[in-house]
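# A structural walkthrough
What follows is the residue order along each chain.
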Amino acid sequence: MTGVPASAAGGSSGAQGAAAGRADARGATGALETPGASGTSGTSGPLGIARLGSGDSGAASRPAGGGAPQQDGGRTPRGGKITAAAVNQASVWNVANLLTMLRLLLVPGFVALMLADGGYDPAWRSFAWAAFAIAMITDLFDGHLARTYNLVTDFGKIADPIADKAIMGAALICLSGLGDLPWWVTGVILGRELGITLLRFLVIRYGVIPASRGGKLKTLTQGVAVGMYVLALTGWLATLRFWVMAAAVVLTVVTGLDYVRQAIVLRRRGIAERRAALEESQG
């Protein structure tokens, strides 16, 4: 028995508790004023106030006790998926796709200009050449824009090759129908284009056949040759366009055979890899 009154003991304990509380409060305030003093970030003081450590920018938004972070700490806001879907849908209307749509709209306009007044009026043929030239130039830019600025969409993947073949096929058929170009040339070029497109779909399960330099040169030569035939050229220019078209036909056949070879190699490699994977899983 020490003889200390209970009230005195209680008062002493209360004083000590108050002093401890004030010390903890000062410690918490000091931690807020001096971030990173203990070398740790995101820890909570006795009052539930998060200490701001260096490099922890989201600590202030965390509740005491290490709960889930708030919206600015990484949690996806409500409706985020809906917003993302809306953005993806709106991205279809980008510059690359608009150029592709323009090329599709130019096809009927080109045909109308090409066949105006019987199809032999030099003035109308010049307008038709302008429409064809615009379509070929946009073909050069839309793919480059889509790849450079990440504007690739499913619509563009489907519509771009359709637009390419539509304008070229319309020009070749009109020229052959008017008697300016033999039908066998039109058949070779269009047959190759349609055949290679079908071949790409058949082997897509094994991989993608990349576009080659020969294929790009073929496309350029075809565009120049067909453009020269659309114009009502005479003299040495008419002779020159014959040889340019001959080069385009040769490149068409050679690159077509090269695509067939690549497709066969790609298919064999894919079958071999699948067989090896199957044997490894069974073994």
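Our structure's up above, just so we're on the same page.
Here's a quick rundown of the structure.

The rules we used
- Each chain has its residues counted from 1, following the order in which its sequence is written.
- Owing to the predicted nature of the model, reporting of local features is limited to residues with pLDDT of at least 70; listing and counting of side-chain atom pairs is limited to 80 or more, with chain, interface and lining totals taken over all residues.
- By convention in this description, side-chain values take in all heavy atoms of the structure and omit both hydrogens and water.
- Put simply, a salt bridge is a Lys or Arg side-chain nitrogen that is within 4 Å of an Asp or Glu carboxyl oxygen.
- Secondary structure is summarised from DSSP: a helix means a run of H or I of at least four residues, a strand means a run of E of at least two, and numbering begins at the N terminus for each.
- A simple rule labels every residue: compare its accessible area, found with a 1.4 Å probe on the protein chains alone, to the largest value its type can have, and call it buried under 20%, exposed over 50%, or partly exposed in between.
- Angles run from 0 to 180 degrees between N-to-C directions of axes, and those axes are lines fitted to C-alpha atoms, restricted for helices to the stretch in contact.
- By definition in this entry, angles of less than 35 degrees are roughly parallel, angles greater than 145 are roughly antiparallel, angles of 65 to 115 are roughly perpendicular, and the rest are oblique.
- Handedness of a helix crossing follows the sense of rotation of the near helix relative to the far helix, less than a right angle counterclockwise being left-handed and clockwise being right-handed.
- Contacts are assigned to residue pairs that have any heavy atoms within 4.5 Å of one another.
- Patch membership needs two things, relative accessible area over 30% and no salt bridge, and members are linked within 9 Å if like-charged or within 5 Å if nonpolar (Val, Leu, Ile, Met, Phe, Trp, Tyr).
- Areas reported as accessible are Shrake-Rupley estimates using a 1.4 Å probe. Residue values count occlusion only from the protein chains shown.
- For the purpose of charge, His is not counted, nor are the chain termini; Lys and Arg are scored as positive and Asp and Glu as negative.
- Charge coordinates come from a single atom per side chain, which is NZ of Lys, CZ of Arg, CG of Asp or CD of Glu.
- Definition used in this section: a nonpolar core is a set of buried Ala, Val, Leu, Ile, Met, Phe, Trp, Tyr and Cys residues joined via side-chain atoms within 4.5 Å.

## What about the pattern of salt bridges?
- Per the counting criterion, the structure on display carries eight salt bridges.
- The salt bridge involving D180 is made with R125; its shortest N-O contact spans 2.9 Å. Taken together, the residues D180 in the loop between α5 (154-177) and α6 (183-203) and R125 in helix α4 (residues 122-148) connect sequence positions 55 residues apart.
- Given the relative accessible area of 24%, D180 is considered partly exposed.
- When its relative accessible area of 5% is taken as the criterion, R125 is described as buried.
- The closest approach of N and O atoms between D258 and R261, which form a salt bridge, is 3.0 Å. Highlighted residues: D258 and R261, both in helix α8 (residues 236-282), separated by three residues, approximately one helical turn.
- The exposure class of D258 is partly exposed, given its relative accessible area of 25%.

## Description of the packing of helix α7 (residues 213-230) against α8
- Direction vectors running N to C along α7 and α8 enclose 150°, while the axes themselves pass 8 Å from each other. Considered as vectors, α7 and α8 are oriented roughly antiparallel to each other. When you trace α7 past α8, the crossing you get is left-handed. Between α7 and α8, the contacting residues are G214, G215, L217, K218, T221, Q222, V224, A225, V226, M228 and Y229 on the first element and L237, L240, R241, F242, V244, M245, A247, A248, L251, T252 and T255 on the second.

## Notes on a nonpolar patch on the surface
- Nonpolar side chains collect at one region of the surface, where L104, I158 and I162 lie side by side and expose about 260 Å² of accessible area between them.
- Here L104 shows up in helix α3 (residues 95-114).

## Remarks on a positive patch on the surface
- A surface patch of positive charge is lined by R205, R267, R268 and R274.
- As for its placement among the helices and strands, R274 is situated in helix α8.

## Thoughts on unusual backbone geometry
- Although it is not a glycine, D117 sits at a positive phi angle of roughly 55°.
- As for its position among the elements, D117 is in the loop between α3 and α4.
- One non-glycine residue, N150, adopts positive backbone phi at about 55°.
- Tracing the chain through its elements places N150 in the loop between α4 and α5.
- Overall, N150 belongs to the exposed group, its relative accessible area being 68%.

## Re the nonpolar core
- Ranked by internal contacts, the top residues of the largest apolar core, which has 30 residues, are F110, M114, F132, V226 and M245.
- Residue assignment for this core shows that the elements contributing at least two residues are α3, α4, α5, α6, α7 and α8.
- Ranked by residues supplied to this core, first place goes to α5 with seven residues.
- Among all residues touching V226, those that are not within four sequence positions of it are F132, M168, A171, L172, L175 and M245.
- Counting eight residues, the second-largest nonpolar core is a separate cluster that includes L199, I209, Y259 and L266.

## A word on the side chain of T100
- Counting through the fold element by element, T100 comes out in helix α3.
- Assessed through its relative accessible area of 2%, T100 is described here as buried.
- Aside from chain neighbours lying at most four places away, what touches T100 is D142, A159, D160 and A163.

Function cannot be read off these values alone, since they describe shape.
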